[in-house]
Amino acid sequence: MAVTREDVLHIAELARLGVDAARAEELTKELSAILAHMDVLSQIDTTSVPTTAGIGSGGTPLRPDVGVSPLMKGTLESFAPSMRDGFFIVPRLATHEDPSESGA
Amino acid sequence: MSVENYTQLGAAAIASSVRAGQVLPADLIRASFKRAADIGAGPDELNIVLYADEKASLEEAEEIQNRVNSAADVGVLAGVPVAIKDNIASLGLPTTCASKILKGYVSPFEATAVTRLRANGAMIVAKTNMDEFAMGSSTENSAYGPTRNPVDVRCVAGGSSGGSAAAVAAGITPIALGSETGGSVRQPAAFCGVVGVKPTYGRVSRYGLVAFASSLDQIGVVGRSVDDAALGLEVIAGFDKMDSTSSEVDVPIYRLAALGKPAPEAHDPDTEAIRIGRSPVPLPPPPSPHTLEGVVIGKPREYFPDSLDTGIRDLCERALERFRSMGATIRDISLPRSPLAIPVYYILAPAEASSNLARFDGVRYGLRVDPGKGLKAMYEATRSAGFGREVTRRILLGTYVLSAGYYDAYYKKAQAVRTLIADDFRSVFAAGVNAIFTPTTPTPAFPIGAISDPYEMYLNDIFTVTANLAGVPAISVPIGRMRRLPVGGQIITAHFDEYTMFRVAYALEAGLGREAHQ
């Protein structure tokens, strides 16, 4: 299945990755070439085969629904790009923003 | 024992000398840093080590010495310098996954595997280079440049745990932690002429391992010898409440597999004394026609295709002959769906990665690039500046196979074929095969820059990726050299049967002797 340039731009938007025109052209070719090797799977009959999402551990059991403190030795401020009063600061959403105020 | 020959020593010998007060942990730290300096482990030469702090490591050595002086149980890794792959969280040194997006990030918590190493007396001396977010087979995808192979500096060290394999091969540490998603410990171990083990999925806690593809990821061990790998895995294995996929199955003392006997009963008092280092492991007998008596080793035809390099094939045949001479039965077997493993893996792993790497968005940690045009523009600018080409490619590939219209054809299909691949392994082991032997890689280490096509690079994992998809344990052991480059042989066993895997690996190492490195 060949990937189109429009596909690349669409999935780049879904993945929140900025891709310029030249890189979009390259990625169109690269992803098409890689996915061509995956087509072999369409020839395998898996009609009655269950899917495997994880192996060997018997699923992911739920822990008791109680709050657990993270085992942190440092503070959030030590690694967060921007914090204020214990909150992570993010730029304003585009729909509400005044560009001169964005960037927190 | 003397630190003069540090680069030749096994972890067990180092630890017993430290516990006996014959060697100071601080001298071992100095020996490790001296070796790293002598061989050029820094960024301008072999580029093995990304982060290290000799002063902090010497402080750690002082703590170990205090434990020795107070006659406490220091542990089976007392005073052993250990290197850690840069995607495993450690206190004190950065954890950056060799990515610009995490440049400077120091984790506020530590991986369970690292905590267990320290609790058993190990000292962390370095964070090692890797392919960015463990995506690659050559460590050329590191944002900080490729690691060079200590055996031949023109060649790659393999990947993604290339720095860890090179650190052990260069004699900087006897043990290093790596991580596997599709062969990222075994392949670089094979390329660098050392031992690399990937445990059963669930055997080692993933807590603190930066997630790439969670249904496949496992922390593994690189060792100078089979014994180093066995000791390292023994320490980090076992249930951890912080990882809901970790198993409660008992952990045997893998080093006893060297004796060529079945595993002792769990919680036997004599063997528990060995586990904590109070008693030594008895000396194993030399290899004999009885060493592997009763062991059936499968030779899968799909891993020995006509196109296999004759040099690799000849070294594998020599290894199989040694197995026979030690009493094993070699049986031709088939794992018919193995040729489908690369397409399956390169759908499932990128799909999981596209979800896992969504967290790197410039909000909570790491890089933020803000062009001042709102939140979405900040996300895109941060991720585009922070991720390298291969990581970007895989996120997009994963997003594509999960997107509407393609989910069933790619992702769901790959999950079903994964079931068939795992069934192949279950069938072979149910039919009485105890271990499977294959080449670890289709070629030895290749020159830096030699492979530019992404899919050609993916084919490096062709013999290793099935064990990850099936969740079974596997180990790579040196079996000789071709064109002066190391070649690895792979031993695969059933779920949670690492003991048999180590038994066969110890026998192979002893049976080949010096030929393993010739």
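Predicted, not measured: the structure shown is a model, and the values here were computed from it.

Q: What should I look at first to understand the interface of chain B and chain A in this one?
A: Put simply, an interface is often sized by how much accessible area is lost when its parts join up. The interface of chain B with chain A comprises 61 residues on the first partner and 52 residues on the second. Of all the secondary structure elements, the ones that give two or more residues to the side of chain B that touches chain A are helix 10 (341-356), helix 11 (375-386), helix 12 (389-402), helix 13 (407-430) and helix 14 (454-458) of chain B. Counting residues per element, the side of chain B that touches chain A draws most heavily on helix 13 of chain B, at 12 residues. Residues belonging to the side of chain B that touches chain A are distributed by class as follows: 31 nonpolar, 18 polar and 12 charged.

Q: How do you make sense of the sheet that holds strand 3 (residues 123-128) of chain B when you look at a structure like this?
A: Neighbouring strands of a sheet are bound in pairs by backbone hydrogen bonds; such pairs are parallel or else antiparallel. Residues and elements named next belong to chain B. Strand order in the open sheet formed by 11 strands is 1-3-2-4-6-5-10-11-9-7-8, with mixed pairing between adjacent strands. Of all the strands in the sheet, the pair left with one neighbour each is strand 1 (49-51) and strand 8 (329-333). Across this sheet, the average inter-strand angle for adjacent strands is 35°, counted without regard to direction. On the sheet, helix 9 (residues 310-325) packs against strand 7 (296-300), strand 8, strand 9 (435-439), strand 10 (474-482) and strand 11 (485-492) and is oriented at approximately 115° with respect to strand 10.

Q: I tried to follow helix 9 of chain B on my own but got confused; where do I start?
A: Residues separated by three or four positions in an α-helix point in the same direction, a consequence of the helix having 3.6 residues per turn. Residues and elements named next belong to chain B. Taking 1.5 Å of rise per residue, the 16 residues of helix 9 would be expected to cover 22 Å, and the 22 Å separating its terminal C-alpha atoms lies within 8% of that figure. For helix 9, the full list of buried residues reads I312, L315, C316, A319, R322 and F323. Seen from one end, helix 9 has its buried residues packed into an arc of 110°, which puts them on one side. Exposed positions of helix 9 whose direction lies more than 90 degrees from the buried face are T310, E317 and E321. In the stretch just after helix 9, G327 is the one whose phi turns positive, near 100°.

Q: Where do I start with the environment of B:I330 in this structure?
A: Residue and element names in this part refer to chain B. Assignment of secondary structure puts I330 in strand 8. Between the alpha carbons of I330 and I436 there is a distance of 9.4 Å; along the sequence they are 106 residues apart. The contact partners of I330, leaving out residues within four places of it in the chain, are I297, K299, L320, F323 and R324.

Q: What is the right way to look at the nonpolar core in this model?
A: Generally speaking, nonpolar side chains in soluble globular proteins are found buried as a group. Grouped together as the largest cluster of nonpolar side chains are 184 residues, with contacts concentrated most on B:V82 and B:L396. Aside from chain neighbours lying at most four places away, what touches B:V82 is B:L117, B:A122, B:M123, B:I124, B:V125, B:T173, B:I175 and B:A176. In this structure, A:V90, B:L375, B:M378 and B:Y379 belong to the second largest nonpolar core, which totals 6 residues.

Cut-offs used in this document
Residues numbered from 1 in each chain as written. Chains lettered and ligands numbered in written order. Predicted model: local features only at pLDDT ≥ 70, side-chain atom pairs only at ≥ 80, totals over all residues. Contact = placed C-beta atoms within 7 Å. Helix = DSSP H or I, 4+ residues; strand = E, 2+ residues; numbered from the N terminus. Nonpolar A, V, L, I, M, F, W, Y, C, P; charged D, E, K, R; others polar. Pairing = 2+ DSSP bridges. Axes fitted to C-alpha atoms, helices over the stretch in contact; angles between N-to-C directions. Expected span 1.5 Å × (residues − 1). Buried ≥ 20, exposed ≤ 12 C-beta atoms within 10 Å, placed from the backbone. Arc of directions from axis to C-beta. Core = buried A, V, L, I, M, F, W, Y, C linked by C-beta atoms within 7 Å.

Nothing here speaks to function; it is geometry throughout.
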